[in-house]
Amino acid sequence: MAVGTTYIGLKNVRDPCWGSFRTVATDLPSLRGYLCFKLINLNSPTQPLVEQLRSGDSRALSRAISTVENRTAGWSELLKALFPHSGQARILGLTGPPGAGKSTLVDQLARHYRKENRTVGIIAVDPTSPYTGGAILGDRIRMQAHFSDPGIYIRSMATRGSLGGLARTTADVATVLDASGRDLVMIETVGVGQDEVDIVRLADITVVILVPGMGDDVQTIKAGIMEIADIFVINKSDRDGAERVEREIRALQSLAVRSDNWTPPIVKTVASDGAGIAELAAAIHDYEAYLQKENLILRKKVQNWQDRLVEMLRDALLEKARGQLANGAMAGYAAEVAEHKRDPYSLVEEIVSALGK
Ligand SMILES: Nc1nc2c(ncn2[C@@H]2O[C@H](COP(=O)(O)OP(=O)(O)OP(=O)(O)O)[C@@H](O)[C@H]2O)c(=O)[nH]1
Ligand SMILES: [Mg+2]
């Protein structure tokens with residue numbers, strides 16, 4: 001059916017139940033009632049937003065990111081419309097222990113890329129440890145210098161417990177930045193837990209930032225992050241112990257075998273005064289060239305999407321299952337299982353088989 005603003009007497013109203021927009025016939029009695037359309041139609045508010053965002057309007061970009069981050073009405077339609085425009089940006093993940101100098105380093109890298117006239121989007125996934133609770137403010141102040149430069153867009157995210165899951169939401173926000181035409185998207189996370197590993201796994205290039213004198217932190221970091229580093233940075237190399245960290249990394253590297261045969265280089269930096277930033281940018285460039293030469297970019301993206309699709313499917317199925325269960329049903333089932341009135345295995349099978357019906 002043709003749909004458009006030419007239908008006099010039709011107006012868009014936000015549908016609270018569907019979280020989408022419906023077109024309602026206002027003064028044509030025969031058409032009164034709901035005509036439900038997808039957001040993508042001509043009356044949709046998505047298309048103008050996509051156009052504004054693509055034209056470089058940073059307020060539209062902020063609005064789009066908020067929609068996606070908070071999962072407000074229309075978020076998935078927006079991503080559907082943006083996805084075809086994404087895929088051009090290089091996604092850089094930077095992770096390391098709290099206070100390693102990640103934001104300072106990201107800031108310096110951004111300056112470096114701006115000199116090459118490349119546009120940058122930065123997502124700072126805020127540390128949630130109460131000890132570093134001031135980091136959001138810290139990041140904003142430190143990165144304030146860029147605010148007058150439209151070539152740099154900075155977004156802080158504090159999304160623990162977010163509806164879509166931290167990794168997924170971050171990836172979706174990166175897609176929005178990518179679709180807005182940024183050449184580079186940098187994602188900063190504190191590398192301590194599985195969430196952070198999941199986030200940086202989505203990047204094309206992962207930089208792991210270590211510092212001298214980390215003590216036990218090296219052990220914590222080792223767990224998952226070490227294996228995913230494409231490049232190591234030893235920041236705060238102005239301090240004693242940089243050589244020791246380097247030796248530790250080399251020792252770990254000799255144990256690990258990478259499927260792409262790349263040996264992650266180690267770059268020493270002093271982010272606070274910019275030393276080593278050009279070398280880091282060169283290392284990033286070298287890895288990018290290697291990925292291209294070996295035709296690995298697509299392979300990496302396929303791997304990433306395999307993870308992401310499974311996660312998206314799991315979310316969607318869970319949402320559907322929850323939607324089908326009556327209010328409080330889960331608590332009732334849990335009580336039945338706890339009291340051994342029924343077994344959980346058949347119960348889950350029943351719920352899953354009811355999904356398709
Ligand atoms: N001595 C020294 N200090 C640095 C260096 N790089 C950053 N710093 C300082 O280290 C402190 C923490 O830097 P941030 O950039 O906030 O570190 P971060 O890793 O982003 O911190 P979180 O996001 O809170 O985990 C700041 O006071 C920086 O000025 C460096 O190379 N040498
Ligand atoms: Mg930081």
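Residues numbered from 1 in each chain as written. Chains lettered and ligands numbered in written order. Predicted model: local features only at pLDDT ≥ 70, side-chain atom pairs only at ≥ 80, totals over all residues. Heavy atoms only, no water.

A. Seen up close, the overall build of the protein. Helices and strands together make up the secondary structure of the protein, namely 14 helices and 10 strands. By the burial criterion, 46% of the 357 residues in the protein qualify as buried. Once local pairs closer than 6 in sequence are excluded, the contacts in the protein between residues at least 24 apart make up 72%. Put simply, the protein shows about 18,900 Å² of open surface, and 55% of that area lies on carbon and sulfur atoms. (Helix = DSSP H or I, 4+ residues; strand = E, 2+ residues; numbered from the N terminus. Buried < 20%, exposed > 50% of the residue type's maximum accessible area, 1.4 Å probe, protein only. Contact = heavy atoms within 4.5 Å. Areas by Shrake-Rupley, 256 points an atom, 1.4 Å probe, with all protein chains shown as cover.)

B. Spotlight on the pairing of strand β7 (residues 184-190). Among the 7 residues that make up β7, 7 are buried, leaving the element largely enclosed by the rest of the structure. Here strand β4 (residues 90-96) pairs with β7 via 7 bridges, running parallel. Across the sheet, L94 pairs through a bridge with E188, a residue of β7. (Pairing = 2+ DSSP bridges.)

C. Region of the structure containing the coordination of the magnesium ion (ligand 2). Every protein donor of the magnesium ion (ligand 2) is listed here as S103 (OG) and E188 (OE), and their distances to the metal cover 2.1 to 2.2 Å. Taken together, the residues S103 in helix α4 (residues 102-115) and E188 in strand β7 connect sequence positions 85 residues apart. For S103, a relative accessible area of 6% gives the class buried. The class of E188 is buried, set by a relative accessible area of 6%. (Donors = N, O, S within 2.8 Å, 3.2 Å for Na, K, Ca; no water.)

D. How the structure looks around the sheet that holds strand β6 (residues 152-157). The strand order across the open sheet built from 7 strands is β6-β5-β7-β4-β8-β9-β10, with neighbouring strands paired in parallel fashion. Sheet topology places β6 and β10 (266-268) at the edges, where each strand pairs with a single neighbour. Ignoring which end each strand starts from, the neighbouring axes of this sheet average 20° apart. Helix-sheet contacts for α4 involve β4, β5 (120-125), β6, β7, β8 (205-210) and β9 (231-234), and the interaxial angle to β7 is about 170°. (Axes fitted to C-alpha atoms, helices over the stretch in contact; angles between N-to-C directions.)

E. Spatial organisation of the environment of A256. By the element assignment, A256 lies in the loop between α10 (242-255) and β10. You can call A256 partly exposed: its relative accessible area is 48%. Sequence separation between A256 and M226 is 30 residues, and the spatial gap between their C-alpha atoms is 9.4 Å.

F. Main features of unusual backbone geometry. If you check the backbone angles, N117 has positive phi at about 70° while not being a glycine. For N117, the position within the fold is in the loop between α4 and β5. In this structure N117 comes out as exposed when scored by relative accessible area, which is 62%. Residues other than glycine seldom take positive phi values, yet N295 does so here, at roughly 60°. Looking at where N295 falls in the secondary structure, it is placed in the loop between α11 (277-293) and α12 (296-324).

G. Local environment of the packing of aromatic side chains. Evaluation of the coordinates by the stated rule reveals 3 aromatic pairs. Here F83 and W305 contribute two aromatic rings whose centre-to-centre distance is 5.8 Å and whose plane-to-plane angle is 80°, an arrangement assigned as edge-to-face. One end of the pair, F83, is in the loop between α3 (75-82) and β4; the other, W305, is in helix α12, with 222 residues separating them in the sequence. The class for W305 is partly exposed, based on a relative accessible area of 28%. Through successive ring pairs, a cluster of aromatic residues spans W262, Y287 and Y290. Across the ring face of W75, the terminal group of R71 is positioned such that the distance to the ring centre comes to 3.9 Å. (Phe/Tyr/Trp six-rings, centres within 6.5 Å; stacked < 30°, edge-to-face > 60°. Lys NZ or Arg CZ within 6 Å of the ring centre and 35° of its normal.)

H. Representation of the confidence of the model for the protein within the structure. For the protein, the average pLDDT comes to 79, and 74% of its residues sit at 70 or higher. Mean pLDDT values over the elements of the protein span from 41, in strand β3 (residues 33-36), up to 97, in β10. Below pLDDT 50 for its whole length, residues 1-43 participates in 64 contacts with residues either more than four positions away or in separate chains. Of the regions scoring below 50 in pLDDT, residues 127-138 engages in 8 contacts with residues more than four places distant in sequence or in other chains. (pLDDT = per-residue confidence, 0-100.)

I. The arrangement of the packing of α11 against α12 in detail. In the contact formed by α11 and α12, the axes pass within 6 Å of each other and the chain directions differ by 90°. Comparing their axes, α12 and α11 come out roughly perpendicular. Every residue of α12 that contacts α11 at Y287, Y290, L291 and Q292 is listed here: L296, I297 and K300. (Parallel < 35°, antiparallel > 145°, perpendicular 65-115°, else oblique.)

J. Structural detail: helix α14 (residues 344-355). Look at α14: 17 Å from first C-alpha to last across 12 residues, which is about the 16 Å you get at 1.5 Å a residue. Taken together, the buried positions of α14 are occupied by L347, I351 and L355. Seen end-on, α14 carries its buried residues on one side only, within an arc spanning 85°. For α14, exposure combined with an orientation more than 90 degrees from the buried face picks out Y345 and E349. Contacts made by the buried residues of α14 are with α12 and α13 (329-338). (Expected span 1.5 Å × (residues − 1). Arc of directions from axis to C-beta.)

K. Layout of the pattern of salt bridges. Tallied over the full model, the rule gives 23 salt bridges. A salt bridge links E243 to K268, with the nearest nitrogen and oxygen atoms 3.7 Å apart. One end of the pair, E243, is in helix α10; the other, K268, is in strand β10, with 25 residues separating them in the sequence. Owing to a relative accessible area of 47%, E243 belongs among the partly exposed residues under this scheme. Note that K341 and E339 form a salt bridge whose closest N and O atoms lie 2.7 Å from each other. Residue K341 is classed as exposed on the basis of its relative accessible area, which comes to 61%. Through salt bridges with shared partners, a single network forms among R71, R168, D172, R308 and D315. (Salt bridge = Lys/Arg side-chain N within 4 Å of Asp/Glu carboxyl O.)

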